[in-house]
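Descriptive structure summary
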Amino acid sequence: MCGIVGYTGKQSAQDVLLAGLKHMEYRGYDSAGIALVANDELVTYKKAGKLNNLQQVLANENVPLSNCGIGHTRWATHGAPNDLNAHPHLDEANKIAIIHNGIIENFAQLRTELTANGVKLQSETDTEVVAHLLAAELKNSELDLVAAMRLVCRRLSGAFTLVAISAANPNLIVGARRNSPLVVGLGDGENFLASDVSAFIAYTKNALELGQDQVVEITRDSVKVTDFSGNEVAPKPFTVTWDAAAAEKGGFELFMLKEIADQPKAISDTLLGRINDSQIQLTELAELKSALISAEHILILACGTALHAGLIAKYAFETWTQIPTSVEFASEFRYRDPVIAANTLCIVISQSGETMDTLMALRHAKAGGAKVVAVCNTQVATIARESDAVLYTHAGPEIAVASTKAFLTQIVALYLIGWQIATLKGHKSGSETAQFVTELSALPAAVDLVLDTVEDVRNLARELAEKQSVLFIGRGVGYGVALEGALKLKELAYMHAEGFPAGELKHGPIALVEDQLLIIVIVPSPTQQQILHEKIISNIQEVRARGGLILAIAVEDDHIIDEFANFVVRVPHLNALLQPIASVIPLQVFACEMATARGHDVDQPRNLAKSVTVE
Ligand code: F6R
């Protein structure tokens, strides 16, 4: 939430910052702003709304040339999304500019203190206090910006990434982090700070990971990291594996459409190196082998789409491992009194690896004695670092706010973990694994086949674009797909959409059914899941008897369904547990097209941000 970028080097800072913000706009798009150091002064430009608005402002200004500056794209927490509350924020003398991601929880108290000292705050944000606190520290001439930042950070509570520049240091940028992300990009005669690597992968793949409660100072030729007490620490270097081109639209109208199309490759990349000689090998989990063998409970924690991947994996875990598996909203977990039994294996799932709800739940599970495995997509993210082991989904950068390829790869990664546990516990033979590996390896081709139907689904969505409400029903793993289809429709098309286990309809929600209400049904295979298929046909009948309109997502050889559905979208027939990988894709496309037909911004839906770094 909120994207941050800092640049010092030889290029035009304005150009580098705007390019970086373009790649981080998915983190928030309530306002955007930059501050540059030029001629020993700070110049700041900021504007409410998307980055385009700021770009228009800049086009009409005589922006001085600068090689050092900071940029921010905001997801509003404290204060309305207007020009005044846009970052960067300045001290009263306009000598220090600050940008922030996170929430400073004690800001009200700090604000009162500053006001009592005669400081006039300009905005309603929690961030602005930091600019004034830095200025107050810098009145002590013994201190420089870095030392002032350390002192100020020690006074803050909450989650923050802060990045500051000052007119007095034209080549220096100072950053600090606690519970919010910040990475360093190492260039040749230039250096970068950013919320994530997508802001600088066009310039360098060499990066440094920053730990908790650390302050970093960069100039064009140097990087130094200290803790909040000033002790120097050695940051961990890493090489960015994402390709710069992967963060571009690559000829598609929308990032979301591109990311839907990326799914076959994302799945193959996630399987790559993890299958050897028809067996699954997860070297990442080697050190947890004894915890996996002794696991008696599996606890899956995640939010949103990642939670739906967990709900689907639960069916596979229990079938394969015979270990009771529970799936919990990460946002609720630590605010009740969860019983974390001995030998609990906790699996946290997060595309961004920075979701605060998931991070806090992870810490709670760990403190309760659970071993934690993370399924993450973003390298060196906090959740990955704080877990005992991490299995990366190699989906590449996911820029559209609505998650698509991350979801499919999360299911694949979870299935690899589930199968590995089942094998370690002696529930799976070599030949069963070889069969499963064949099925996994066939997934990219199956997804390709589903992608051939994209245009048909888009047409169908346009035909149904006037609907105001849609229900989704499924059974077994199809329930998780129903939830995911409903979430996609809500967040993109701003429609009432709800997912239910099909059998639950008659316990209440069926009261919503009226003439022409659209119900999307995830239909289980008639051959592999005959009983569930029969049951769902009954559920369809109950809805049709009340005038409901049925859109069925059914496997290719299900001819029974034709008689009961108004519309049928066919998907390849897979192993029942793998079926969600195919069934969810038409729902992604459907939501995307519904949103487009209604004139909404698909890649940046209102009120949302991709990386939710506040609780
Ligand atoms: C929906 C969506 C969100 C995320 C959720 C968790 O399309 O993207 O529901 O799945 O905010 O995010 P991560 O996976 O980054 O923890």
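Use the structure listed above.
No experiment lies behind these values; they were computed from the predicted model shown. (Residues numbered from 1 in each chain as written. Predicted model: local features only at pLDDT ≥ 70, side-chain atom pairs only at ≥ 80, totals over all residues. Heavy atoms only, no water.)

A short note on the overall build of the protein chain
Put simply, the rule reads: Every helix listed is a DSSP run of H or I at least four residues long, and every strand listed is a run of E at least two residues long, numbered separately from the N terminus. Only the C-alpha atoms count toward the radius of gyration. The rule for a globule is 2.2 Å times the residue count to the power 0.38. The buried label goes to any residue with under 20% of its type's maximum accessible area, the exposed label to any with over 50%, and the partly exposed label to all in between, with areas taken from a 1.4 Å probe on protein chains only. Exposure was quantified through the Shrake-Rupley algorithm and a 1.4 Å probe, taking into account, for residues, occlusion by the shown protein chains and nothing else. In this tally, Asp and Glu contribute negative charge and Lys and Arg positive charge; neither His nor the terminal groups of the chain are included. Working definition for charges: the position is that of NZ of Lys, CZ of Arg, CG of Asp or CD of Glu.
A tally of regular secondary structure across the protein chain gives 19 helices and 26 strands. Here the C-alpha atoms of the protein chain give a radius of gyration of 25 Å, agreeing with the 25 Å that 2.2 N^0.38 yields for 615 residues. Burial statistics for the protein chain: of 615 residues in total, 61% are counted as buried. Here the protein chain has roughly 22400 Å² of accessible surface; of this, 49% comes from carbon and sulfur atoms. Both charge centroids of the protein chain, one from 49 positive and one from 70 negative side chains, sit 3 Å from each other.

Quick look at the sheet that holds strand 9 (residues 183-186)
Just so we agree on the cut-off: For two strands to be treated as a pair, DSSP must find no fewer than two bridges joining them. An axis is simply a line fitted to the C-alpha atoms; with a helix, the fit covers only the stretch in contact. Between two such axes, the angle follows the N-to-C directions and lies from 0 to 180 degrees. Contact between two residues is taken to exist if any of their heavy atoms lie within 4.5 Å; hydrogens are not considered.
Spatial strand order, 3-2-4-1-10-9-11-14: eight strands in an open sheet with antiparallel pairing. The sheet is open, and its two borders are formed by strand 3 (41-48) and strand 14 (236-239), each paired with just one other strand. Neighbour-to-neighbour, the strand axes of the sheet open up by a mean angle of 20°, direction not taken into account. As judged from the six bridges shared by strand 2 (residues 31-38) and strand 4 (residues 68-74), these two strands associate in the antiparallel manner. Of the residues in strand 4, the one forming a bridge with Ile34 is Gly71. Against the sheet, helix 1 (residues 13-24) engages strand 1 (3-8), strand 2, strand 4 and strand 10 (191-194), with an angle of about 155° to strand 1.

Some words on the pairing of strand 1
Burial of strand 1 is extensive: six of the six residues sit out of reach of the surface. Neither face of strand 1 is left uncovered, since the one carrying Gly3, Val5 and Tyr7 and the one carrying Ile4, Gly6 and Thr8 both have all their residues buried. Relative to strand 4, strand 1 runs antiparallel, the two sharing six bridges. Residue Tyr7 lies in a different strand from strand 4, and its bridge partner there is Gly69. With four bridges joining them, strand 1 and strand 10 adopt antiparallel strand pairing.

Comments concerning the site of the ligand
Keep this limit in mind: Being near a molecule or strand, for a residue, means having at least one of its heavy atoms within 4 Å of it. Nitrogen and oxygen atoms within 3.5 Å of one another constitute a polar contact, given that in protein one can donate a hydrogen and the other can accept it, and given that sequence-neighbouring residues count only through two side-chain atoms. Nonpolar residues are Ala, Val, Leu, Ile, Met, Phe, Trp, Tyr, Cys and Pro. Charged residues are Asp, Glu, Lys and Arg, and all others, Gly as well, are polar. The domain boundaries here were taken from an automatic or database domain assignment.
Around the ligand there are 14 residues in total, and Ser350, Gln351, Ser352, Thr355 and Glu491 lie nearest to it. Separating an oxygen atom of the ligand from a backbone N or O atom of Ser403 is a distance of 2.9 Å. Against a free-state accessible area of 400 Å², the protein chains account for coverage of 90% of the ligand. Of the residues contributing to the shell around the ligand, the split by class is five nonpolar, seven polar and two charged. Both of domain 2 (250-441) and domain 3 (449-599) provide at least three residues apiece to the shell around the ligand.

Focus on the packing of aromatic side chains
Think of a pair of aromatic rings as described by two things: how far the centres are apart, and how the planes are tilted against each other in angle. To be explicit about the condition: Aromatic pairs are defined between Phe, Tyr and Trp rings, using the six-membered ring for Trp, whenever the two ring centres lie within 6.5 Å; interplanar angles under 30 degrees are classed as stacked, those over 60 as edge-to-face, and all others as tilted.
Taken as a whole and assessed by the stated rule, the structure comprises eight aromatic pairs. Ring geometry for Phe160 against Phe228: centres 6.4 Å apart, planes inclined by 15°, an arrangement best described as stacked. Here Phe160 is found in strand 7 (residues 158-166), whereas its partner Phe228 is found in the loop between strand 13 (223-227) and strand 14, with 68 residues between them in sequence. For the pair formed by Phe160 and Phe228, the shared burial category is buried.

Quick word on the pattern of salt bridges
Any two side chains of opposite charge can pair if their charged atoms end up close together. Operational definition: The working definition used for a salt bridge is a side-chain nitrogen of Lys or Arg within 4 Å of a carboxyl oxygen of Asp or Glu.
Throughout the structure, instances matching the rule amount to 22 salt bridges. Glu328 is the salt-bridge partner of Arg336, the closest N and O atoms lying 2.4 Å from each other. The class of Arg336 is partly exposed, set by a relative accessible area of 37%. Here Glu328 falls in the buried class, since its relative accessible area comes to 18%. The structure contains a network of salt bridges with shared partners spanning Glu253, Glu455, Arg458, Arg462 and Glu593.

Structural notes on the nonpolar core
The condition that has to hold: Only buried residues count toward a nonpolar core, which is a set of Ala, Val, Leu, Ile, Met, Phe, Trp, Tyr and Cys residues joined through side-chain atoms within 4.5 Å.
Counting residues in each nonpolar core, the largest one holds 129 residues, and the members touching the most others are Ile347, Tyr415, Leu489, Ile520, Leu551 and Phe590. In terms of residue count, helix 13 (residues 405-424) provides more of this core than any other element does, 12 residues in total. Excluding residues within four positions of it along the chain, Leu551 makes contact with Leu460, Leu464, Leu518, Ile519, Ile520, Val521, Phe567, Val569 and Phe590.

A closer look at the sheet that holds strand 20 (residues 371-376)
Read from one edge of the open sheet, five strands run 18-17-19-20-21, paired in parallel fashion. What marks the edges here is a single partner per strand, and that holds for strand 18 (325-329) and strand 21 (389-392). Between one strand and the next, the sheet's axes are offset by a mean angle of 20°, whatever the strand orientation. Where strand 17 (residues 297-302) lies against strand 19 (residues 344-350), five bridges are found, and the strand directions are parallel. Bridge assignment links Ile298 to a residue of strand 19, and that residue is Leu345. Together, strand 17, strand 18 and strand 19 form the strand contacts of helix 9 (residues 304-321), whose direction differs from that of strand 18 by roughly 170°. This element, helix 11 (residues 356-367), spans strand 17, strand 19 and strand 20 of the sheet and lies at about 155° to strand 17.

Some thoughts on the side chain of Thr127
Here Thr127 shows up in the loop between helix 3 (107-116) and helix 4 (128-138). Only 3.4 Å separates the side chain of Thr127 from the side chain of His87, close enough to count as a polar contact. Within the structure, Thr127 has its side chain in polar contact with the side chain of His100 (distance 2.8 Å).

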